[in-house]
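Structure at a glance
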Amino acid sequence: MSFGGGHASGLGGAFAQDAGGADISLNLTALMDILSNLLFFLLASYSAQEMEVQAKQKLELPTSSSEAKVIMNLIVTVTKSQVLVADVPVATVDGTTIGGSAIDENDRIVTLLQRLQSVKASREAAGQGGLPGHDTILLLADKGTDSTVVSKVLKTAGSSGYPNVRFGVIAP
Amino acid sequence: MAGGGGGGGGEQKSGFGGGANVFGESGAVDVSLNLTALMDILSNLLFFLLASFGATIIMVINGAVPVQSADKSDLADTKQSVTLNVRLMKTGFEINATGSGQTPEELKALGRTLGMKGEKHDYAALTDVLYGIKQKYPKSDTVILTPDPGLRYETLIRTMDAAREREVDAVGIRRPLKLFPTVVVSTVVK
């Protein structure tokens, strides 16, 4: 970008000998305005948090034609190897098998149940029990996850006071 | 920002300094700003933001899990609506309807089984069947999905897509028509 203005312009300077020392000066103010506006709107719509989740856990979300915008809720993530609640691992996943936690008679993942109930209780204690989305989780599951695992996670979430689910997907 | 004439050349009159002000008084100092370095910074920022922008777009599909409730039911209770049950199997889809405003014969007539299309589920056929039911019962909006064990999560999401909407022709203009946007994910009771 060294072809801007300045007293000895870069562009002018590069051809200074051929052009017989002509000093070209460019008015960059309008371009500055455009770039600043672009930058502002890009930063305003930039959601770094989701990208971080996706990159960190090597999670491949399924694609969908849904156009509903993401609203941040309590995030439950199911990767190829773990189940996490707000980035805290609660169980392991190996294909269709869930490890690191007991499964109760109602097919619920016990450690996940305890963690979700604990989060709900602490939110209610903080006076956030009645806020919109208090009974909703954002489920970010790898597209290759077995439906058995997803069903168990959903059943556990429903039992612990989170019957509404937002399924995280990416645009094609 | 729109100072006008602020970039580059030392010869030009700058909007920040030189020239007459709004009161017609001539400026005393001729200031010219070199914006080249700032341009470099902004261009770099813009490049990296644009490069990482496509990867961050996350959308959602709203859904629910069935819970016991004394005062609320997912079962359709009018003559113009039914609740659909779509079972996702490894061999295709099984569609059934429930409702309290229809006779058992009417509901049974809506039942259908769809096979696979090659090695994949036939999502287009599912959308067509649901569109037919939606035309017959236009107030319907709820579908209960029951995935069999062994299916991929991706299949569940694609089924939600197929059940959500379909493009229709309306006086020569193609527009999306909502089919069954309310999704409940259930499990097979053993």
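These remarks concern the structure in this document. Not measured: the values here are computed from a predicted model. (Residues numbered from 1 in each chain as written. Chains lettered and ligands numbered in written order. Predicted model: local features only at pLDDT ≥ 70, side-chain atom pairs only at ≥ 80, totals over all residues.)

**Here's the deal with the overall build of chain A**
Within chain A one finds five helices and seven strands. Along chain A, from the amino end to the carboxyl end, the secondary structure elements read α-α-α-β-β-β-β-β-α-β-α-β. A burial count over chain A gives 33% of its 172 residues as buried. By sequence separation, contacts in chain A at least 24 residues apart represent 59% of the contacts at least 6 residues apart. (Helix = DSSP H or I, 4+ residues; strand = E, 2+ residues; numbered from the N terminus. Buried ≥ 20, exposed ≤ 12 C-beta atoms within 10 Å, placed from the backbone. Contact = placed C-beta atoms within 7 Å.)

**What to know about unusual backbone geometry**
Among all residues except glycine, the phi angle is most often negative; among peptide bonds, the trans geometry is most common. Residue and element names in this part refer to chain A. A positive phi is found at Asp-87, a non-glycine position, where the angle reads about 70 degrees. Here Asp-87 shows up in the loop between β3 (82-85) and β4 (88-94). Its identity as a non-glycine residue notwithstanding, Asp-107 has a phi of 65 degrees, on the positive side. Topologically, Asp-107 is positioned in the loop between β5 (97-99) and α4 (110-125). We classify Asp-107 as partly exposed; it has 15 C-beta atoms within 10 Å.

**Some points on the environment of Pro176(B)**
Residue and element names in this part refer to chain B. The residue Pro-176 is located in strand β9 (residues 173-178) in this model. According to the C-beta neighbour criterion, Pro-176 is exposed, with 12 such atoms within 10 Å. With eleven residues separating them in the primary sequence, Pro-176 and Glu-165 have C-alpha atoms 6.2 Å apart.

**So, the nonpolar core**
Counting residues in hydrophobic clusters, the biggest one holds 57 residues, and the most contacted among them are Leu112(A), Val153(A), Ala157(A) and Ala163(B). The greatest single-element share of this core, amounting to six residues, is contributed by helix α4 (residues 153-164) of chain B. If near-sequence neighbours (up to four positions away) are discounted, Val153(A) is found in contact with Val76(A), Val78(A), Val83(A), Ile109(A) and Leu112(A). Formed by five residues, the second largest nonpolar core is a distinct cluster that contains Leu26(A), Leu28(A), Met32(A) and Leu35(B). (Core = buried A, V, L, I, M, F, W, Y, C linked by C-beta atoms within 7 Å.)

**Side note on α4(A)**
Residues and elements named next belong to chain A. With 16 residues, α4 should cover 22 Å at 1.5 Å per step; its first-to-last C-alpha distance of 22 Å lies within 8% of that length. Residues Leu-112, Leu-113, Arg-115 and Leu-116 constitute the buried set of α4. Summarising the contacts, the buried residues of α4 are in contact with β3, β4 and α5 (147-159). Positioned one or two residues after α4, Gly-127 has a phi angle of 80 degrees, which is positive. (Expected span 1.5 Å × (residues − 1).)

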